[in-house]
Amino acid sequence: MTVADELPETPETAEEEPVKQRKNGLYPGVSDELAESMKCGWADTELHGLEPIAQAAETAARRAALSARFPGERLVVPAGNLKTRSNDTEYSFRASVEYAYLTGNQTEDGVLVLEPTADGHTETIYLLPRSDRENGEFWLDGQGELWVGRRHSLTESEKLYGIPASDVRELAGALREATGPVRVVRGHDAGIEAALTDKVTAERDEELRVFLSEMRLVKDDFEIGELQKAVDSTVRGFEDVVKVLDKAEATSERYIEGTFFLRARVEGNDVGYGSICAAGPHACTLHWVRNDGPVRSGDLLLLDAGVETHTYYTADVTRTLPVNGTYSELQKKIYDAVYDAQEAGIAAVKPGAKYRDFHHAAQRVLAERLVEWGLVEGPVERVLELGLQRRWTLHGTGHMLGMDVHDCAAARTETYVEGTLEPGMVLTVEPGLYFQADDLTVPEEYRGIGVRIEDDILVTEDGNRNLSAGLPRRSHEVEAWMAELKG
């Protein structure tokens, strides 16, 4: 018989049902002879001698900690599914942070399941096996091997990730029949959640999500090394941008975005977030990612960008650069105020300090300068008590950093914002001043100037280390650095 044109309705039926033909494709069908030809004559490409991924020991330790926290409960952590961009094209896939953190695997449709036992849990990673050659999936399906590339076999995956692997297409059915307490990380795989709909509660699932977020507050040595890699690539990306500012002036902010993106894709997985390439008054829009404006000599460029490593750890660095290489007198005054605020913030980052301390230290300096310049009525204590400086500073002075640019976001307030800094934590320190182009409360010459300086800071046993110290911060050092690069 010929290969029919019915698409599997669910992953569990993928092997029983034939593969769908694309509507309006140029071939109306598949002959019996071609179908038989495509089944045979292929070399064995199974990979042998594979070594575990670099972080296998770390991911195993994380799973052990998770097991200890939820004894006697089934834990389900999905990677997520492909998301449609338009029609039959998908966005690039990025596995959920929880799943990647616990397994190191990054493929779509994967699910980690911890099954409770008398003394802990058994672990299984559920994955799609290699695409089927018997039913034609590997060459007829849009996600088949000949269209999007080879997947690892289940045996290969076991060797790489150190976890027994099974076919994910069998998982939803098994979960429907499961008994006993279950928790799932929500928001990534609707099919898996549907299979558990009568077995889980939002409150219990949130406890799981919160625990996994708080696990990431303190980074292990592998994570710190990956963050340093991300920062080092980001430094090179900033250097790339400075070298082509003349081309950006001839085009737009998009040239800056594309230049940095090239570095991110060559040395890492991607950018860790949408690059902010904000020239002139766009620097006053905190998350300016349209990047379609002009780049003009005499204006400032606020570049907030970070390379994401192949293991999903991202840098988050900001520099505010004079497009022509030299700050004007007023630009320098504002820049130096932000630099002094950042210095005060960084100095407050140390073990045992309250998380909020670096924010308060930086905000005090900014408030002092705003009072000094006559832009807000003092005294400084009044300004800080009423938050009046926020008209021009707007955002908090930093956040945790890791596999998410705003890492650990689901952590409890008492362990994050109200918590205490510990060695191994990594956070940004990023004060800023932004004078909107339509702000009539400041002198006209201030309007349209935005400055932010941001670095990635590791809390150490005796203080802190600036992971992004490879980029100059002082105004005169920035000017000298730019001149040398443009040399």
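Every chain begins its residue count from 1, and numbering advances along the sequence as written. Side-chain atom pairs in this predicted model are given and counted only at pLDDT of 80 or more, local residue features only at pLDDT of at least 70, and totals for whole chains, interfaces and linings cover all residues. Only heavy atoms go into the side-chain values, all of them from the structure, while hydrogens and water stay out.

With that out of the way, let us pick up the packing of aromatic side chains. Pairing of aromatic rings covers Phe, Tyr and the six-membered ring of Trp, with a centre-to-centre limit of 6.5 Å; geometry is then stacked below 30 degrees between planes, edge-to-face above 60, and tilted otherwise. Scanning all chains against the criterion turns up eight aromatic pairs. Ring plane angle 90° and centroid distance 6.0 Å describe the contact between phenylalanine 238 and phenylalanine 260, whose orientation is recorded as edge-to-face. Of this pair, phenylalanine 238 sits in helix α10 (residues 221-243) while phenylalanine 260 is found in helix α12 (residues 253-267), placing the two residues 22 residues apart along the sequence. The burial state of phenylalanine 238 is the same as that of phenylalanine 260; both residues are buried. Three or more aromatic residues joined by ring pairs form one cluster here, namely Tyr355, Phe358 and Tyr416. Looking at arginine 94, its charged tip hangs above the ring of tyrosine 312, at a distance of 4.2 Å from the centre. Charge-over-ring contacts are defined here by two conditions on Lys NZ or Arg CZ: a distance within 6 Å of the ring centre and an angle within 35 degrees of the ring normal. One cation-aromatic arrangement involves arginine 133 over phenylalanine 138; the distance from NZ or CZ to the ring centre is 4.5 Å. Think of it this way: any DSSP run of H or I at least four residues long counts as a helix, any run of E at least two long counts as a strand, and we number them from the N terminus. The classification of residues rests on relative accessible area computed with a 1.4 Å probe and restricted to protein chains. Under 20% of the type maximum is buried, over 50% is exposed, and intermediate values are partly exposed.

Looking now at the pairing of strand β16 (residues 455-460). With six of six residues buried, β16 lies mostly within the body of the structure. Where burial is concerned, the two faces of β16 agree: the one with Asp455, Ile457 and Val459 and the one with Asp456, Leu458 and Thr460 are both buried. When strand β13 (residues 426-429) meets β16, the two strands line up antiparallel, connected through four bridges. Across the sheet, valine 429 pairs through a bridge with aspartate 455, a residue of β16. One bridge is not enough; two strands pair if DSSP finds at least two bridges between them.

Let us now look at the side chain of threonine 311. Looking at where threonine 311 falls in the secondary structure, it is placed in the loop between β11 (307-308) and β12 (317-322). Exposure remark for threonine 311: the relative accessible area of 15% places this residue in the buried category. Of note is the side chain of threonine 311, whose polar atom sits 2.5 Å from the side chain of glutamate 226. Identification of polar contacts relies on pairs of N or O atoms within 3.5 Å, with a donor-acceptor requirement for protein atoms, meaning one able to donate a hydrogen and the other able to accept it, and with residues adjacent in sequence counted only if both atoms are side-chain atoms. A polar atom in the side chain of threonine 311 sits 2.9 Å from the side chain of threonine 309.

Right, let's talk about the nonpolar core for a bit. Counting 92 residues, the largest nonpolar core has Ile256, Ile334, Trp373, Leu433 and Phe435 as the members making the most contacts within it. In terms of residues, this core owes the most to one element, α10, which gives nine residues. What makes two residues a contact is simply this: any of their non-hydrogen atoms within 4.5 Å. Those residues within four positions of isoleucine 256 in sequence are excluded, and the remaining contacts are Val241, Leu245, Ala248, Cys277, Val295, Leu301 and Leu303. We define the nonpolar core as a collection of buried residues of types Ala, Val, Leu, Ile, Met, Phe, Trp, Tyr and Cys that are connected through side-chain atoms lying within 4.5 Å of one another. Of all hydrophobic cores here, the second largest spans 17 residues; its members include Val349, Phe358, Leu427 and Val459.

Attention now moves to the confidence of the model for the chain. pLDDT runs from 0 to 100 and stands for how confident the predictor is about each residue. Residues at a pLDDT of 70 or more form 96% of the chain, whose mean pLDDT is 95. Considering each helix and strand of the chain separately, the mean pLDDT is smallest for helix α4 (residues 137-140), with a value of 93, and largest for β16, with 99. Below pLDDT 50 for its whole length, residues 1-16 participates in 37 contacts with residues either more than four positions away or in separate chains.

The next point concerns the sheet that holds strand β17 (residues 463-466). With respect to topology, three strands assemble into an open sheet ordered β13-β16-β17, the strand pairing being antiparallel. One side of each edge strand has no neighbouring strand; the edge strands of this open sheet are β13 and β17. Geometrically, the sheet is characterised by an average inter-axis angle of 40° between neighbouring strands, direction not taken into account. By the bridge criterion, four bridges tie β16 to β17 in an arrangement that is antiparallel. Of the residues in β17, the one forming a bridge with valine 459 is asparagine 464. In the packing of helix α13 (residues 329-347) onto the sheet, contacts are made with β13, β16 and β17, and the angle to β13 comes to roughly 155°. The axes are straight lines fitted to the C-alpha atoms, using for helices just the contacting stretch, and the angles between their N-to-C directions are given from 0 to 180°.

So, about the pattern of salt bridges. A pairing counts as a salt bridge when a side-chain nitrogen of Lys or Arg comes within 4 Å of a carboxyl oxygen of Asp or Glu. Counted under the stated rule, the structure contains 35 salt bridges. Here aspartate 198 and lysine 199 are joined by a salt bridge, their closest N and O atoms 3.9 Å apart. Assessed through its relative accessible area of 62%, aspartate 198 is described here as exposed. Among the ionic pairs, glutamate 418 bridges to arginine 356, the shortest N-O distance being 2.8 Å. Note that glutamate 418 is positioned in the loop between α16 (390-393) and β13 and arginine 356 in the loop between α13 and α14 (357-372), a separation of 62 residues in sequence. According to the relative accessible area criterion, arginine 356 is partly exposed, its value standing at 34%. Among the ionic contacts, a cluster of salt bridges with common partners joins Glu73, Arg183, Arg204 and Glu207.

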